Amino acid sequence: MAIWPTPKYFEHGDKYLWLDPLLRLEERYPEKEIGHVREWYRDLKPISFNSRPLIRDGYPRDFISSAFDDFRANLMSNRLVSEKFCPPSQARRYKATIESIIVSQDFDIRPQCMIPREVYSIQSMEDGFVRIQIVHAEGALRAFQTLRQLFFYASEEKAMYTPHAPFNIRDAPTFEHRGLHLDISQNRISPVDAKRTIKAMSFNKMNTLHLHRIDSSSWPIEIPSVSSLAKKDGFEENGVWNAQDLEVVTKYGLSHGVTVYPEVDPLGYTASTSRSQPGLSITWSGLDWPLKITEAPDGQLQLKPADVPPSLTASLSDFLDRTVPFSSVFHVGGREIDLKAWNSDLRKWEDDDTIPSSLKKSTKPLLQNFMSHIISLIPSYAMTPIIWEDEFLEQGIDVPSDVTIQTWKSAQSLGEIVAQDRRALFGPCEKRYLDRSPESGTFIEPNPRYHPRNDWYSPYNNWRNVISFEPLKDIPKEKRHLVVGGEVHLWGKFNEDMKTSLDKLLWPRAAEVLWNGKGNAGEETRKRLGEFMRRLIEMNIDPGWV
């Protein structure tokens with residue numbers, strides 16, 4: 001079977017079921033039939049668990065019926081013909097037909113896990129009776145995405161069928177946070193491309209899109225309160241996302257079960273602010289940069305002992321105001337901090353008697369003061385802050401216990417973080433970077449002075465390397481609950497036009513580990529990927545090769 005990701009439990013027969021083109025949805029609540037009341041999920045009993053709230057103000061109120069409409073439309077337009085199955089003559093003459101799908105709530109299907117809202121089960125009988133049981137509305141979406149993959153197109157009948165009846169599926173994710181980290185600041189990725197990516201993410205049962213919105217190359221996001229940033233520091237006009245673009249993409253994500261949340265890194269990538277905010281950035285020219293990084297200097301925020309730049313607070317508050325209706329997490333960055341740059345900058349303040357001497361001798365108090373201020377803005381919005389591992393593991397910055405630490409430098413970082421009883425996201429570059437294409441080669445540095453160099457983006461991570469990753473392998477059982485989930489990373493700096501390469505770089509490498517906790521890179525998986533890629537193509541997604 002080519003269901004992707006593989007359900008936790010799946011048994012099936014070999015009978016044929018056909019799909020009625022007028023397939024309808026029946027929604028049922030305990031002890032009464034709800035029918036087509038589109039807001040029925042709002043009556044579901046609340047679940048108590050330490051997790052993000054599912055529904056914010058902007059969450060679609062017709063979530064389940066909208067998910068069903070999308071499921072039915074995709075099925076009826078599908079023209080995927082099976083290479084293995086062909087309905088026999090008897091199945092063609094005596095058609096058992098699925099006329100309706102019943103969705104009901106059942107708390108008994110909930111496993112002993114912290115993610116009950118995405119639990120689902122699907123049962124079918126030979127006569128066409130199909131029932132989906134869920135704990136929360138989001139489980140229905142995951143069930144529909146699984147059910148889609150059981151059906152093929154019969155060209156003679158011009159109808160959809162499954163050769164696997166009866167079937168019984170029970171499934172739930174291993175991780176709460178199953179994300180894609182997408183860099184929209186160092187390469188042009190349009191809102192249309194982002195929506196297409198969200199559609200594929202939902203089909204892969206991924207639930208979080210992390211947008212790296214600013215970097216040294218560009219500030220491509222409009223901030224109404226500081227409008228000069230995008231006007232002067234973004235790509236040319238057609239490469240900037242305005243406030244409406246961002247809202248449209250975010251709401252589209254919610255309707256597909258994908259939370260879109262921003263990263264605004266105010267520390268390490270400030271070169272892009274040099275035109276609109278002169279003096280905000282230091283060390284973005286003139287350094288012996290090839291000894292450290294794989295591109296010209298990113299620029300760093302000038303850490304002033306006395307205050308935090310008002311424009312920075314204003315831009316962060318603007319982002320928070322527009323993010324809070326749709327997400328419960330917010331990323332404040334903190335990657336690739338250069339302490340040497342700040343140490344040299346401290347010399348400016350040696351003669352200022354108004355600044356405590358302790359702040360003139362070390363950058364750590366300055367960094368601590370700045371991050372404490374930035375992180376303190378977030379809880380008032382009932383959001384959870386996320387930071388990169390650099391500040392926590394390398395700089396030793398104290399952060400509140402509710403802050404989630406995201407890894408990227410190595411697989412060992414995850415163990416170091418949870419050993420300190422902190423929540424963590426995995427994503428080591430050697431297993432979770434999708435940047436390089438097979439054709440791109442590696443970064444070549446002709447000057448022997450700079451060898452060997454550390455290029456985080458090479459070599460190309462093929463699907464076997466990405467999918468074989470086992471994030472919990474070396475994590476003690478008593479610490480595994482601290483692993484919230486993980487992300488795959490797609491940076492834009494070393495890739496060609498993302499309009500043509502985005503799909504190929506992402507799919508189908510991205511998803512299996514995130515749903516199941518570990519993948520299988522064997523021959524059976526390769527065969528499953530082949531059929532799954534055909535389904536992606538039916539969705540107008542252009543996957544890479546395996």
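A. Layout of the pairing of strand E8 (residues 177-183). Burial runs high along E8: 7 of the 7 residues are buried. The two faces of E8 match: His177, Gly179, His181 and Asp183 on one face and Arg178, Leu180 and Leu182 on the other face are all buried. Across 6 bridges, the pairing between E8 and strand E17 (residues 483-490) is parallel. Considered in E17, the bridge of Leu182 is made with Leu490. Across 5 bridges, the pairing between E8 and strand E9 (residues 208-212) is parallel. Note that in E9 the partner of Gly179 across the bridge is Thr208.

B. Seen up close, the pattern of salt bridges. Inspection of every chain in the model, using the stated rule, returns 18 salt bridges. Arg28 is the salt-bridge partner of Glu26, the closest N and O atoms lying 3.0 Å from each other. In this structure, Arg535 and Glu531 form a salt bridge, with 3.6 Å as the shortest nitrogen-oxygen distance. Here the residue Arg535 and the residue Glu531 both occupy positions in helix H17 (residues 523-538), the gap between them amounting to 4 residues, near one helical turn. Taking relative accessible area as the criterion, Arg535 reaches 3% and is therefore assigned buried. The class for Glu531 is buried, based on a relative accessible area of 18%. Because the salt bridges share partners, they merge into one network encompassing Arg117, Glu118, Glu138, Arg142 and Arg178.

C. The arrangement of helix H6 (residues 243-255) in detail. Its 13 residues give H6 an end-to-end C-alpha distance of 19 Å, which sits within 8% of 18 Å, the value for a rise of 1.5 Å per residue. Listed in full, the buried residues belonging to H6 are Leu246, Val249, Thr250, Gly253 and Leu254. Down the axis, H6 shows its buried residues gathered within 140° of arc, on one side only.

D. Expanded view of the nonpolar core. Residues Leu182, Met206, Leu209, Phe330, Ile387 and Trp507 are the most contacted members of the largest nonpolar core, which totals 72 residues. With residues near it in sequence (within four places) discarded, Trp507 still touches Thr197, Ala200, Met201, Asn204, Met206, Leu536, Ile541, Pro543 and Gly544. Core analysis: the next-biggest nonpolar cluster, separate from the first, contains 33 residues, Leu17, Leu75, Ala137 and Ile169 among them.

Cut-offs applied
- Residues numbered from 1 in each chain as written.
- Predicted model: local features only at pLDDT ≥ 70, side-chain atom pairs only at ≥ 80, totals over all residues.
- Heavy atoms only, no water.
- Buried < 20%, exposed > 50% of the residue type's maximum accessible area, 1.4 Å probe, protein only.
- Helix = DSSP H or I, 4+ residues; strand = E, 2+ residues; numbered from the N terminus.
- Pairing = 2+ DSSP bridges.
- Salt bridge = Lys/Arg side-chain N within 4 Å of Asp/Glu carboxyl O.
- Expected span 1.5 Å × (residues − 1).
- Arc of directions from axis to C-beta.
- Core = buried A, V, L, I, M, F, W, Y, C linked by side-chain atoms within 4.5 Å.
- Contact = heavy atoms within 4.5 Å.

Interpretation note: all reported values are geometric properties and have no functional meaning in isolation.
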